[in-house]
Amino acid sequence: MAVQTRRSTPRRALDAALPRFIAAVGKDWVLVSEADREGYLDPYAVGDGRNHLPGAAVAPASVEEVQAVLRIANELKIPVWPISRGKNFGYGSASPVKAGTVMLDLTRMNRILELDEKLAYCVVEPGVGFYDLWDAIQREKMKLWLSPPGNSWGSVLGNALEHGNANTPYGDHAFNLCGLEVVLANGDRVRTGMGAMDGAPSFHLYKHAFGPNWDQLFTQSNFGVVTRAGMWLMPEPEGTLTLNMEVPKPEDIEWVVDTIGPLRTSGVLRQVNSVRGWMRAATLNGQRSEWWTGKGAMPDSVIAAIMKKYNVGWWNVNLRLYGLPEVNEAHAKLIQERFSAHTDQKFQITRWRQGEPYAGSGRGEPGTTSMQTLNWAGGRGSHVAFSPNLPLNGKLAREQMERTRARMTEFGFDYYGSMFMWERSITVVGSIYFDRDDEEGVVRLKAMFAALIKDARQHGYGEYRTHIDFMDEVAATFDFNNHALMRMNQALKATLDPNGIIAPGKQGIWPRGSERAR
Ligand code: ADP
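Not measured: the values here are computed from a predicted model.

Draft legend 1. A look at the packing of helix 10 (residues 394–410) against helix 11 (residues 439–458). Across the interface, helix 10 lies against helix 11 with an axial gap of 10 Å and an inter-helix angle of 155°. Taken together, helix 10 and helix 11 sit at an angle that is classed as roughly antiparallel. Helix 10 and helix 11 meet at a crossing whose hand is right-handed. Contacts from Thr-404, Arg-407 and Met-408 in helix 10 reach Met-448, Ala-451, Leu-452 and Asp-455 in helix 11. Looking at side-chain class alone, the contact of helix 10 with helix 11 contains 4 nonpolar, 1 polar and 2 charged residues.

Draft legend 2. A look at the domain arrangement of the protein chain. Split by domain assignment, the protein chain resolves into domain 1 (3–107 + 492–516), domain 2 (112–235) and domain 3 (239–471). Relative to domain 3, the C-alpha centre of domain 1 lies at a distance of 34 Å. Between domain 1 and domain 3, the residue contacts involve 23 residues of the former and 20 residues of the latter. The junction of domain 1 with domain 3 conceals about 1,700 Å² of combined surface from both sides, 56% of it contributed by carbon and sulfur atoms. Looking at the side of domain 1 facing domain 3, the largest losses of area belong to Tyr-44, Val-46 and Tyr-91, adding up to 46% of the total buried there. Our count for the domain 1 to domain 3 interface comes out at 0 salt bridges.

Draft legend 3. Quick look at the packing of helix 6 (residues 253–266) against helix 10. Between helix 6 and helix 10, the shortest axis-to-axis distance is 7 Å and the interhelical angle comes to 145°. Once helix 6 is placed against helix 10, the crossing between them reads as right-handed. Facing Ile-253, Glu-254, Val-257 and Asp-258 of helix 6, the residues of helix 10 in contact are Gly-394, Lys-395, Ala-397, Arg-398 and Met-401. Here the residues of the contact of helix 6 with helix 10 sort into 4 nonpolar, 1 polar and 4 charged.

Draft legend 4. Just the site of the ligand, in detail. In the neighbourhood of the ligand, 20 residues make up the surrounding shell, with Ser-84, Gly-86, Lys-87, Ser-155 and Val-226 lying closest. Note that an oxygen atom of the ligand is positioned 3.0 Å from one of the backbone N or O atoms of Arg-85. Note that an oxygen atom of the ligand is positioned 3.2 Å from one of the side-chain N or O atoms of Glu-162. Against a free-state accessible area of 550 Å², the protein chains account for coverage of 96% of the ligand. Residues that form the shell around the ligand fall into these classes: 7 nonpolar, 9 polar and 4 charged.

Reading the values: rules and limits
Residues numbered from 1 in each chain as written. Predicted model: local features only at pLDDT ≥ 70, side-chain atom pairs only at ≥ 80, totals over all residues. Heavy atoms only, no water. Axes fitted to C-alpha atoms, helices over the stretch in contact; angles between N-to-C directions. Helix = DSSP H or I, 4+ residues; strand = E, 2+ residues; numbered from the N terminus. Parallel < 35°, antiparallel > 145°, perpendicular 65-115°, else oblique. Left-handed = near helix turned anticlockwise from the far one by under 90°. Contact = heavy atoms within 4.5 Å. Nonpolar A, V, L, I, M, F, W, Y, C, P; charged D, E, K, R; others polar. Domains from an automatic or database assignment. Buried area = accessible area lost by both parts, 1.4 Å probe. Salt bridge = Lys/Arg side-chain N within 4 Å of Asp/Glu carboxyl O. Near = heavy atom within 4 Å. Polar contact = N/O pair within 3.5 Å; in protein donor to acceptor, adjacent residues only side chain to side chain. Areas by Shrake-Rupley, 256 points an atom, 1.4 Å probe, with all protein chains shown as cover.

As structure tokens, this is what we get:
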């Protein structure tokens, strides 16, 4: 692979841009001090993260201000990196790929433009967080349920654009986007789908419209800045039924996947369910050093002690049915029967019916409990996720787990996987915890991550999302016909953003002249 050359923001261009940015958004919203810029550094960086220090930040309050900022940036060729709330933890948080990039911080655009109970959707600006939407729904006493991710600090829009997911029937967040407003690099304002017709009432109600569907092209991309999005929400179901079971052995994942798989494909299970490894309970409740201070990955005896203490399985199955209680009961019976072919265990069951108190219902209250896991490694605890996607097939899932576990053991890290099951595939979210101040550990982590990307590629598995430090490496694994997709992305980039100002390097897409030559 040839050497990569990346343009850095010329200081003089930035100096010329700053007074114009101030004229566009006001002086309080152009942030240039060292402390302000450091505020965008990743608290969970792989190392000190200063290689991603932005050159400044501009925080517009309206779409017109976003347009003005982009026009200036485009004219002066200043790269900008949009963030909605900047809580993309584990993937780079608020930091840009390239140091010197100007943050386009959209946190102030935090209006909920529409919230419709009957048609079950909302229209949000980028800065609207899961808590904001939750508060609005509670205030209006609407029977709408949310699908917040484990860390709900972030924005509804940013999470969906990044292909974030959660364990609900609406857990495929990008899929639930409907109708975007986007500002292009030249400052032009575009509406996708039905929204392309001025005043169309089904802007956020019908996904396909006339011609190509552009909604998904603005997800995980650097083709535009999204300033408004429709998001479909789940109407409150008549009831839920939750099934929990702990299964004891790592190899059990094969039958677990093969049992849940057909139920997902046929739609008995509509939720993006996950089967989580033993480590979750331990990471939520304490630190690794309480269990193991020896060299290398934790031995099986320590894992067994942890499982005993927290009464968890090597894998922990958590399934939830949504809808009419009678239908849920019938489906629960079917699920138990299918599991009984492999285990004598019975599911622990929790039932909820509309009208009852919501505890245990799974209605999607935002939370941040998952953040506790970040203390696991001690020091300035940090994490990244290695998350390849593979077919919904038990044998492949077990082999992938064994391979990844062996590779992680070789590098001295503990394996922790959560299998997120889609209708036909699994995304294995492998959380890796580390102390970012442990220099040797960070070097080891980077080497391991590179090896994991390579291992996955050998089996044709690509990551669904990755940290800003690894975007080029992951993008390079999508190599059909000599990276034809990347060539197409770059052609599109050159057309929509010829000066390459929006998020250079995102998902490995660099502007012409600075791209990684192949
Ligand atoms: P959240 O706060 O919801 O977790 P972020 O604001 O950190 O999400 O956004 C994650 C990533 O998604 C950003 O780094 C950026 O690449 C992309 N992104 C976020 N908001 C926008 C937007 N409004 N337009 C285009 N891309 C965006």
